[in-house]
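# Residue-level structural notes
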Amino acid sequence: MHEFSLVKSLLRQVNEIAEQHGATCVEEVKIEIGPLTGVEKILVQEAFELLSPDLPGSDCRLTIIEVPLQAICNSCGKSIVVQNFQFQWTACVSPNIRITSGDAFRLLDVTIDTELTTGVTEP
Amino acid sequence: MTKTTIRVNRDIQAEKRERAAAFREKLSRQGTLVLNLVSSPGTGKTALLEAIAKELKGRLRMGVLVGDLATDRDAQRLAPLIPVEQLTTGGACHLEISLVEQGWQKLGEPELDILFIENIGNLVCPASHDLGEHMRVSLLSTTEGDDKPGKYPKMFRTSDALVLTKIDLLPYLPFRVEAAIEDARLIQPDLDIFHTSAITTEGIPDWCEYLEQQRQKLVASVQTS
Ligand SMILES: Nc1nc2c(ncn2[C@@H]2O[C@H](COP(=O)(O)OP(=O)(O)O)[C@@H](O)[C@H]2O)c(=O)[nH]1
Ligand SMILES: [Mg+2]
Ligand SMILES: [Zn+2]
């Protein structure tokens with residue numbers, strides 16, 4: 001859903017970070033998506049190609065990390081990968097699990113070039 | 001030139017989620033349970049709200065924010081029964097927290113026991129937007145087919161309750177209630193499931209009793225914290 005507006009919001013956040021750090025060029029943006037994020041990878045890529053020329057340097061690369069849908073069983077503490085959206089954890093008495101990854105659209109890293117010689121590594 | 005990699009590791013919707021959490025917190029403190037009703041168009045969200053308003057009249061103070069792309073038809077249907085504010089989104093296919101905050105202001109921020117939000121008819125996008133609700137309620141009607149939960153996993157996964165609507169039509173349809181429930185529970189085992197008809201009012205008293213209990217639970221949890 002709404003890959004275009006999500007990528008717009010992503011780029012707004014990347015721009016803010018680039019500005020804070022005095023970037024002359026944004027080289028790479030790394031994001032994470034998963035099966036329950038509700039986005040299609042190809043459409044995210046297309047939206048990025050269309051919108052990213054507005055970033056400093058105008059030649060930014062998007063790296064998409066696709067993570068599986070992972071969860072932790074609330075009763076036995078075991079970490080599991082959820083396949084085909086089947087959330088019943090049959091090896092355990094409890095069907096009660098908490099999703100730990102694969103349901104969000106996360107901005108992981110931004111790689112920039114700066115004129116400065118001292119590199120800032122914290123956001 | 002210095003190349004630097006800045007670690008961010010943040011959900012890009014974090015800001016909206018925080019706003020929704022603040023709204024939820026605010027309404028919790030005043031004892032208002034917020035419900036987000038989601039379903040396809042025509043499942044019977046407005047009809048269910050009409051039935052609830054009649055059933056709980058004089059027992060609970062209620063209000064509705066109802067979303068549609070255009071017209072105030074649903075608000076007009078509900079207005080004789082319950083305080084209501086229509087949210088029209090133009091083209092947008094789901095509600096967002098900013099629209100809910102505006103609607104809540106327009107409604108006059110009354111002291112309520114339950115605030116219902118009727119979302120735009122759509123089983124896709126509303127699943128990804130926290131409206132500051134305490135509970136998300138999915139509706140599925142017998143005319144939509146019993147195979148729908150598995151097709152829209154995010155919506156059913158993120159729901160707390162499932163209301164099967166139009167059960168008065170079961171004699172005329174090949175809808176298998178057990179199959180629909182099984183499909184939904186594979187995705188969300190914790191769903192509280194209800195069977196209702198807004199026409200015959202079958203199942204409406206049970207559903208309303210559940211709503212009263214949920215509201216009492218909220219009040220109790222706010223008092224202890
Ligand atoms: N037979 C039957 N029809 C219903 C029931 N609930 C709603 N309807 C009808 O279904 C149509 C759509 O209902 P509405 O409440 O507008 O659905 P919404 O789009 O989800 O708000 C209307 O014509 C209703 O009269 C029900 O329980 N049984
Ligand atoms: Mg309606
Ligand atoms: Zn949408």
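Above this text sits the structure in question.
Here's a quick rundown of the structure. As the structure is a computational prediction, the values presented were derived from the model and not from experiment.

Conventions adopted
- Residues numbered from 1 in each chain as written.
- Chains lettered and ligands numbered in written order.
- Predicted model: local features only at pLDDT ≥ 70, side-chain atom pairs only at ≥ 80, totals over all residues.
- Heavy atoms only, no water.
- Buried < 20%, exposed > 50% of the residue type's maximum accessible area, 1.4 Å probe, protein only.
- Helix = DSSP H or I, 4+ residues; strand = E, 2+ residues; numbered from the N terminus.
- Pairing = 2+ DSSP bridges.
- Contact = heavy atoms within 4.5 Å.
- Buried area = accessible area lost by both parts, 1.4 Å probe.
- Salt bridge = Lys/Arg side-chain N within 4 Å of Asp/Glu carboxyl O.
- Polar contact = N/O pair within 3.5 Å; in protein donor to acceptor, adjacent residues only side chain to side chain.
- Nonpolar A, V, L, I, M, F, W, Y, C, P; charged D, E, K, R; others polar.
- Near = heavy atom within 4 Å.
- Areas by Shrake-Rupley, 256 points an atom, 1.4 Å probe, with all protein chains shown as cover.
- Axes fitted to C-alpha atoms, helices over the stretch in contact; angles between N-to-C directions.

## A closer look at the pairing of strand S1 (residues 23-33) of chain A
Within a regular beta strand, the side chains point alternately toward one face of the sheet and then the other, so they alternate between its two faces. Residue and element names in this part refer to chain A. Burial analysis of S1 places eight of its 11 residues in the buried class, which makes it a mostly covered element. Pairing of S1 with strand S6 (residues 106-114), which is carried by eight bridges, proceeds in the antiparallel orientation. Looking at the pairing, valine 26 lines up with isoleucine 112 of S6. Both S1 and strand S2 (residues 61-66) contribute to a ladder of six bridges, which runs parallel. Each bridged residue has a counterpart across the sheet, and for isoleucine 31 the counterpart in S2 is isoleucine 64.

## With respect to the interface of chain A and chain B
Taken together, the contact pairs 40 residues of chain A with 27 residues of chain B. Summed over both sides, the interface between chain A and chain B buries roughly 3100 Å², with carbon and sulfur atoms accounting for 54% of that surface. If you look at where chain A meets chain B, you find two salt bridges. In this structure, A:Asp109 engages B:Arg7 in a salt bridge whose closest nitrogen and oxygen atoms are separated by 2.8 Å. Viewed at the interface, chain B and chain A are joined by 19 residue pairs in polar contact (both at pLDDT 80 or more). Elements represented by at least two residues in the side of chain A that touches chain B include exactly helix H1 (3-20), S1, strand S5 (97-101) and S6 of chain A. When residues in the side of chain A that touches chain B are grouped by element, the largest group, nine residues, is from S6(A). Considered class by class, the residues forming the side of chain A that touches chain B number 19 nonpolar, 15 polar and six charged. Bridge count for S6(A) against strand S1 (residues 2-11) of chain B is eight bridges, and the pairing is antiparallel.

## Focus: the site of ligand 1
All names here are of chain B. Near ligand 1 there are 15 residues, and of these Gly42, Lys45, Ala47, Asp168 and Ala198 occur at the shortest range. Between ligand 1 and glycine 42 there is a distance of 2.8 Å, counted from an oxygen atom to a backbone nitrogen or oxygen. Between ligand 1 and lysine 45, the relevant distance is 2.8 Å, taken from an oxygen atom to a main-chain nitrogen or oxygen of the residue. Starting from 580 Å² of accessible surface for ligand 1 in isolation, the protein chains cover 72%. No other element matches helix H2 (residues 45-55), which puts three residues into the shell around ligand 1. Taken together, the residues of the shell around ligand 1 break down into five nonpolar, five polar and five charged.

## Side note on the sheet that holds S2(A)
Across a sheet, strands are paired by hydrogen bonds formed along the backbone, either parallel or antiparallel in direction. Here we have four strands laid out as an open sheet, ordered S2(A)-S1(A)-S6(A)-S1(B), and mixed in their pairing. Sheet topology places S2 of chain A together with S1 of chain B at the edges, where each strand pairs with a single neighbour. Neighbour-to-neighbour, the strand axes of the sheet open up by a mean angle of 20 degrees, direction not taken into account. Along the sheet, H1(A) makes contact with S1 and S6 of chain A together with S1 of chain B, crossing S1(A) at roughly 140 degrees.

## Some details on the sheet that holds S5(A)
Residues and elements named next belong to chain A. Here three strands make up an open sheet; going across it, the order is S4-S3-S5 and the pairing antiparallel. With partners counted over all chains shown, the strands left at the sheet margins are strand S4 (79-81) and S5, one partner each. With direction set aside, neighbouring strand axes in the sheet form an average angle of 35 degrees. Here strand S3 (residues 70-73) runs beside S5; their pairing, made up of four bridges, is antiparallel. Note on S5: the bridge partner recorded for isoleucine 72 is arginine 98.

## A look at the pattern of salt bridges
Close approach of charged atoms lets side chains of opposite charge pair. Residues and elements named next belong to chain B. This structure, assessed with the given rule, holds 22 salt bridges over all chains. Notably, a salt bridge pairs arginine 19 with glutamate 101, separated by 2.5 Å at the nearest N-O pair. Of this pair, arginine 19 sits in helix H1 (residues 14-29) while glutamate 101 is found in helix H4 (residues 97-106), placing the two residues 82 residues apart along the sequence. Its relative accessible area of 24% is what places glutamate 101 among the partly exposed residues. Of the charged contacts, one joins arginine 61 and aspartate 113 as a salt bridge, the two residues approaching to 2.9 Å between their closest N and O atoms. Of this pair, arginine 61 sits in the loop between H2 and strand S3 (62-68) while aspartate 113 sits in the loop between H4 and strand S5 (114-118), and the two are 52 residues apart along the sequence. Through salt bridges with shared partners, a single ionic network connects Arg61, Glu111, Asp113 and Arg215.

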